[in-house]
Amino acid sequence: MSPNMDMGHAMPGMYGPYTMDREASGTSWQPDSTPHQPIDFVRGNWMYMLHGFANVGYTNQGGPEGNSQMFTTNMLMLMAQRPFDKGSIGLRGMMTLEPLMGPNGYPVLLQTGETSDGQFPLLNRQHPHDLFMELAVTGNRQLTDDASVFAYGGLPGEPALGPTAFMHRLSGMDNPEAPIGHHWMDSTHVTYGVLTGGFAWKNVKLEASAFRGREPDQYHWDIENPNLDSSSGRLSWNPSRNWSLQTSAGRLHSPEPLFPTINTNRVSASAMYNHAWSSGWSQTTVAWGRNYQLNIDTLDAWLLESAVNFSNAHTFFTRYENVQKDDLLTLAQAQSLSAGGGLVGFRIPDFHPFFINGHPVLHIYTVNRFTLGYIYDFAVGEYTRWGIGASGSVAIVPEALKTFIGNDPLSFLIFGRVKLGPNHPANPETHPTHGGGTPFERI
């Protein structure tokens with residue numbers, strides 16, 4: 001049977017009695033009207049979906065802390081599902097070759113999070129993702145025509161915390177750069193040890209996870225030991241085919257290896273709106289995340305992200321972020337600042353190489369980043385699309401940071417992309433095999 005065949009039925013979801021178009025990264029939901037991206041095919045009693053992309057680009061990040069570099073962001077994902085009379089089992093695998101860039105990743109002004117050497121945090125750089133981004137097993141049992149219970153286990157996997165991961169959101173996947181608020185919202189999308197259980201009824205889903213709180217280390221080629229020391233819960237609601245809402249909360253045990261005694265409580269909420277038509281689509285995501293680092297500080301992040309596609313070829317994308325950060329300065333930079341001007345002092349009972357005798361003064365700044373970009377895609381063969389794109393960004397920082405970051409520095413990025421998927425992605429509003437039909441007959 002050929003890939004992406006029209007069988008008059010929709011690919012069933014892995015977690016409930018609805019179509020696969022609702023499901024995104026991990027166990028998260030997206031609007032049901034989201035255009036179907038993967039290649040579908042059937043072999044025997046198993047149904048498969050294949051999806052992937054590779055960006056290769058050159059970025060020039062402005063200002064004194066900026067840098068320029070060739071880089072790549074990429075992933076390849078394969079999902080398999082075996083339906084039964086009242087449920088299904090599934091397998092999910094996702095890999096990337098981003099570790100080829102080395103542990104320093106690529107420059108993104110105002111980005112923070114993780115480490116490249118186990119001693120110093122990455123500043124103004126985005127870490128590469130691990131070779132194995134997801135290796136997961138799923139199962140669901142249908143209770144009624146509208147209700148099901150499900151389970152998900154991954155090493156690595158994604159717990160029920162935060163919105164759909166940025167590289168899986170239609171509103172964000174055309175932008176090769178990671179959001180600077182990534183570690184406030186969806187940084188747990190690669191977690192070494194996840195167990196999730198949940199209940200789905202019609203357009204509502206309630207789920208809870210136990211998972212490893214520690215983020216991946218600087219060794220991106222291996223699989224790390226699981227330790228289910230953290231927990232989270234998420235409530236999702238798709239009030240209509242074009243909307244998907246979620247709110248979630250979690251407690252992360254020792255998420256940062258450089259701050260091993262610090263635990264973080266995280267809460268998030270997001271809304272995704274999608275509109276599709278016969279020759280294009282638009283999607284917007286609004287998200288908020290808060291990290292409460294116990295007895296230290298509370299940091300918020302906001303994101304507004306949109307993309308619009310015309311004629312299945314021209315995509316314009318934009319992203320605006322407003323983030324509170326306490327880790328933008330080196331020790332030398334922090335020592336050079338006097339009190340006031342947008343900074344708040346805290347004592348932190350932990351060792352960090354930037355801090356003197358384990359007792360630094362923590363500087364909290366609200367920073368903003370705005371990006372606008374475009375990519376042109378063209379078909380090569382039946383299941384491959386190539387594209388060329390560019391984007392520009394401006395970083396807006398408080399006066400106290402301008403000595404180090406610059407006066408609203410500008411950055412630019414040019415990139416090429418290859419993407420696996422049907423050259424005319426199925427529109428759930430118009431295509432009979434996705435979002436509008438009944439699920440595949442159970443075997």
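For the structure, check the block above.
Described below are features of the structure shown in this document.

Basis of the calculations
- All residue numbers refer to positions counted from 1 along the written sequence of the respective chain.
- Local features in this predicted model are restricted to residues whose pLDDT is 70 or higher, and side-chain atom pairs enter the listing and the counts only when it is 80 or higher, whereas totals over whole chains, interfaces and linings include all residues.
- Based on all heavy atoms of the structure, the side-chain values leave hydrogens and waters out of the count.
- Residue types Ala, Val, Leu, Ile, Met, Phe, Trp, Tyr and Cys, when buried and joined through side-chain atoms within 4.5 Å, form a set referred to as a nonpolar core.
- A 1.4 Å probe rolled over the protein chains alone gives each residue an accessible area, and that area as a share of the maximum for its type sets the label: buried under 20%, exposed over 50%, partly exposed in between.
- Here, residues are in contact when the closest pair of their heavy atoms is within 4.5 Å.
- Strands pair, by our definition, only if DSSP identifies at least two bridges between them.
- Helix and strand labels come from DSSP, where a helix needs a run of H or I of at least four residues and a strand needs a run of E of at least two; each type is numbered from the N terminus.
- Grid spacing is 1 Å over the protein atoms alone, the probe is 1.4 Å, and a cavity is where that probe fits but cannot get out, while a pocket is an open set with protein on both sides within 12 Å along at least five of seven lines and lining residues have an atom within 4 Å of a point.
- Grid points are joined across faces, edges and corners, and a volume is the space filled by probe spheres set on the points.
- In the scheme used here, Gly and all other residues not listed as nonpolar or charged are polar, with Ala, Val, Leu, Ile, Met, Phe, Trp, Tyr, Cys and Pro taken as nonpolar and Asp, Glu, Lys and Arg as charged.
- Take a side-chain nitrogen of Lys or Arg and a carboxyl oxygen of Asp or Glu: if they are within 4 Å of each other, that pair is a salt bridge.

One finds L110, V367 and L401 to be the most contacted residues of the largest nonpolar core, which totals 63 residues. Not counting residues within four places of it along the chain, the set of residues in contact with L110 comprises N124, I180, K325, L328, V367, N368, A395, V397 and I405.

Let us now look at the pairing of strand 17 (residues 365-379). Bridging between strand 16 (residues 314-325) and strand 17 involves 12 bridges; their strand directions are antiparallel. By the bridge assignment for strand 17, K325 is matched with Y365. Pairing analysis gives 12 bridges linking strand 17 to strand 18 (residues 384-396), with the strands arranged antiparallel. If you follow F370 over to strand 18, its bridge partner there is V394.

Evaluated as defined, the whole model comprises 10 cavities of 30 Å³ or more. Here the largest cavity defines a volume of roughly 280 Å³. Along the walls of the largest cavity sit 20 residues, with E23, A24, Q30, Q37 and P38 positioned nearest its centre. Elements represented by at least two residues in the lining of the largest cavity include exactly strand 2 (46-60) and strand 3 (68-84). The element contributing the most residues to the lining of the largest cavity is strand 3, with 3 residues. Broken down by class, the residue content of the lining of the largest cavity amounts to 11 nonpolar, 6 polar and 3 charged.

With that out of the way, let us pick up the pattern of salt bridges. Taken as a whole, this structure holds 13 salt bridges when the rule is applied. D186 is the partner of R169 in a salt bridge, and the nearest nitrogen-oxygen pair spans 3.3 Å. A residue pair is termed long-range when its members are at least 10 positions apart, and R169 in the loop between strand 8 (147-154) and helix 1 (182-185) and D186 in the loop between helix 1 and strand 9 (194-201) qualify at 17 residues. Overall, the relative accessible area of 3% leaves D186 in the buried class. Residue R417 is joined to D377 by a salt bridge in which the shortest nitrogen-to-oxygen separation is 2.9 Å. Taken together, the residues span a long stretch of sequence, with R417 in strand 19 (residues 410-420) and D377 in strand 17 at a distance of 40 residues. Accessibility assignment for this pair places R417 and D377 in one class, buried. Each of R169, D186, E305 and R319 takes part in salt bridges that share partners, so that together they form one network.

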